[in-house]
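# Residue-level structural notes
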Amino acid sequence: MTKKQLVLIGGGHAHMMLLAHIENFVARGTEVTVIQPSPCHYYSGMGAGMLGNTYGIDDIRFQTQKVVEKQGGSFVLDRVIRIDPHNKEVICRQNNRKINYDVLSCNAGSYVPDNLFSDCRSNDIYPVKPIEGLARAREQILCRGKAHPLRVVIVGGGPSAMELAGNIHQLANSEQLAEVAITIIAGHAVLPHAPRRVRLLVERSLRRRGVNILTSSRVKKIEEGLLKLTSGKTIPADMIFAAIGVRPSNIFIESGLPIGPDGGLRVNKYLQSIAHKSIFGGGDCIYFAACPLDKVGVYAVRQNPVLLHNVMAALVEKPLKEFYPRGTYLLIYNLGDGYGVLQKWSLTLGGRLPFLLKDYIDRKFMRTYQALEQ
Ligand SMILES: Cc1cc2nc3c(=O)[nH]c(=O)nc-3n(C[C@H](O)[C@H](O)[C@H](O)COP(=O)(O)OP(=O)(O)OC[C@H]3O[C@@H](n4cnc5c(N)ncnc54)[C@H](O)[C@@H]3O)c2cc1C
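Residues numbered from 1 in each chain as written. Predicted model: local features only at pLDDT ≥ 70, side-chain atom pairs only at ≥ 80, totals over all residues.

What follows covers the overall build of the protein. Check the secondary structure of the protein and you find 10 helices and 25 strands. Whereas a compact globule of 374 residues would reach a radius of gyration of roughly 21 Å, the protein reaches 21 Å, a difference of no more than 12%. C-alpha extents for the protein along the principal axes are approximately 65 × 45 × 40 Å. Restricting to contacts in the protein with at least 6 residues of sequence separation, those with at least 24 account for 65%. (Helix = DSSP H or I, 4+ residues; strand = E, 2+ residues; numbered from the N terminus. Rg over C-alpha atoms; globule rule 2.2 N^0.38 Å. Contact = placed C-beta atoms within 7 Å.)

A cis amide bond links Lys 129 to the next residue, Pro 130, at an omega of 0°. Following the sequence through the fold, Pro 130 ends up in the loop between strand E11 (125–127) and helix H5 (133–147). Even without a glycine there, the phi angle at Leu 271 is positive, about 60°. Tracing the chain through its elements places Leu 271 in the loop between strand E20 (265–267) and strand E21 (279–281). A residue is classified by how many C-beta atoms lie within 10 Å of it, and Leu 271, with 27 of them, is buried. (Buried ≥ 20, exposed ≤ 12 C-beta atoms within 10 Å, placed from the backbone.)

This next bit is on the site of the ligand. Taken together, 35 residues surround the ligand, and among them Gly 10, Gly 12, Ser 44, Gly 109 and Gly 283 come closest. Among the secondary structure elements, those contributing two or more residues to the shell around the ligand are strand E2 (30–36), helix H3 (47–51), helix H6 (159–174) and helix H9 (297–316). A class-by-class count of the residues in the shell around the ligand yields 13 nonpolar, 17 polar and 5 charged. (Near = placed C-beta within 6 Å. Nonpolar A, V, L, I, M, F, W, Y, C, P; charged D, E, K, R; others polar.)

Attention shifts here to the domain arrangement of the protein. The figure often quoted for interface size is the accessible area lost as the parts come together. For the protein, the assigned domains read domain 1 (4–37 + 78–111 + 246–329) and domain 2 (125–244 + 331–365). Domain 1 and domain 2 are separated by 31 Å when their C-alpha centres are compared. In this complex, domain 1 contributes 5 residues to the contact, which on the side of domain 2 involves 4 residues. Across the side of domain 1 that touches domain 2, the residue classes break down as 3 nonpolar, 2 polar and no charged. (Domains from an automatic or database assignment.)

Moving on: the pairing of strand E16 (residues 226–229). Bridge analysis of strand E15 (residues 219–223) against E16 gives 4 bridges, and the strand direction is antiparallel. Considered in E16, the bridge of Lys 221 is made with Lys 228. In this antiparallel pair of consecutive strands, E15 and E16, the connection spans 2 residues, and Gly 225 shows a positive phi of 70°. Of the strand pairs in this sheet, E16 and strand E17 (residues 234–236) are connected by 3 bridges, and their pairing is antiparallel. Bridging from a neighbouring strand, Lys 228 pairs with Thr 234 of E17. Between the antiparallel neighbours E16 and E17 lie 4 residues, among them Gly 232 with a positive phi of about 100°. (Pairing = 2+ DSSP bridges.)

Turning our eyes to something else, we now look at the sheet that holds strand E12 (residues 150–155). Taken in spatial order, the 5 strands of this open sheet run E11-E18-E12-E13-E14, and their pairing is parallel. Each edge of the sheet is formed by a strand with only one pairing partner; in this case those strands are E11 and strand E14 (212–214). Taken over all neighbouring pairs, the strand axes of this sheet differ in orientation by 20° on average, direction set aside. Where E11 lies against strand E18 (residues 239–242), 3 bridges are found, and the strand directions are parallel. Bridge pairing in E18 places Pro 127 opposite Ala 242. (Axes fitted to C-alpha atoms, helices over the stretch in contact; angles between N-to-C directions.)

This paragraph deals with the sheet that holds strand E24 (residues 340–344). Within the open sheet, the 3 strands sit side by side as E23-E24-E25. Their pairing is antiparallel. For this open sheet the edge positions go to strand E23 (331–334) and strand E25 (347–351), each flanked by a neighbour on one side alone. Averaged over all adjacent pairs, the angle separating strand axes in this sheet is 10°, with direction ignored. With 4 bridges joining them, E23 and E24 adopt antiparallel strand pairing. The residue of E24 that forms the bridge with Ile 332 is Leu 342. The strands touched by helix H7 (residues 196–208) are E23, E24 and E25; relative to E25, the strand with the most contacts, the crossing angle is about 10°.

Let us look at the pairing of E2. Counting buried positions over the 7 residues of E2 gives 5, a clear majority of the element. Pairing between strand E1 (residues 4–9) and E2: 6 bridges, direction parallel. Across the sheet, the residue bridging to Ile 9 is Ile 35, located in E2. Bridge count between E2 and strand E5 (residues 74–77): 4 bridges; the pairing is parallel. Across the sheet, the residue bridging to Gln 36 is Leu 77, located in E5.

For helix H10 (residues 352–370), spanning 19 residues, the distance from its first C-alpha to its last is 26 Å, which sits close to the expected 27 Å at 1.5 Å a residue. Listed as buried for H10 are Pro 354, Phe 355, Lys 358, Asp 362 and Tyr 369. Seen end-on, H10 carries its buried residues on one side only, within an arc spanning 100°. Exposed residues pointing more than 90 degrees away from the buried face of H10 are listed as Arg 352, Leu 353, Tyr 360, Lys 364, Arg 367 and Thr 368. In this structure, the buried side of H10 is in contact with helix H1 (16–20), strand E4 (61–62), E23, E24 and E25. (Expected span 1.5 Å × (residues − 1). Arc of directions from axis to C-beta.)

Structure representation (structure tokens):
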């Protein structure tokens, strides 16, 4: 009898429990293949902290390939470009390689759209995702900031823009870089979806440390080293960070699968494609039709046990479990220099305590999954 094939696209936050249980699948006679463009997965919650030198690169990465192979699974270092649901195969970028599945789970995350800077050839633009790109940005800041004054511009007004600004400030300070000027071009407003008190705390903290924040201004075009704003103003920059929001991986659009308005794989309450019963998904790459979710790791993490159960159930034709997103979630921004802003329900708190709490939660999460590497 041929073995059943389980294929996982991406080893992101929603697949951590599946990755931890590969040996159970293998023991039951299933072949497991994980496809990912990097041997490691990088934890976004600690990405800004890595840029700021709070964490080393090893602290924030999970060695996907090692964990998969150790448990008897196969790891394919490649990027999936398309799914063919009729032939039940995924198509990878290198040589259009095809991999068959009986059950497929997708956790390919999201990307920063490049429409603002697609005409610009500069190597000096750093999208906030993939997270590993921030390690290259840190090297560049260190290398260039030691020799010359450096103008860093961050485009975006959301949480990741704020976290990057604060942590670049921390990096410059801790490495005693002579002159690093940080500007945020925040668009309409800083953290437009956050409560007023959160906005005030974040803005105050960054401005106090000399970060220049421009609001009511959007970037129209980026040319080599120059940002042109809709107001007519131009801003020179040596390094540009793009934190303009994310879109779900475009695999599903390319595959002609049912999607949500944002292009994410449209899934039902079982985290299952509404058109193809053997396709599941979680994290930023899905559109949860019953209740569209924010693109935060919290939901990806909450989806883990349901994905684990449903993927196993689909292989053995057992009943599926429903996913309940549950209510609000704790948000903590790491704004660098040991300062954090916490928000949950009507509670808002700024200071060192929120930073320490985030640091504790994030390190604990990483320790749990990094233990699988041993
Ligand atoms: C700077 C920053 C800070 C953040 N901080 C927080 C926070 O503190 N708390 C929070 O809840 N959320 C935070 N978020 C949001 C969070 O990053 C996302 O919601 C979370 O990463 C979603 O997890 P994911 O597993 O879906 O995607 P990802 O973390 O992006 O993982 C996707 C995985 O799929 C792989 N992959 C991508 N494309 C392909 C492909 N074509 N084929 C195969 N594999 C592929 C990637 O290599 C990656 O390993 C932050 C985001 C950013 C940018």
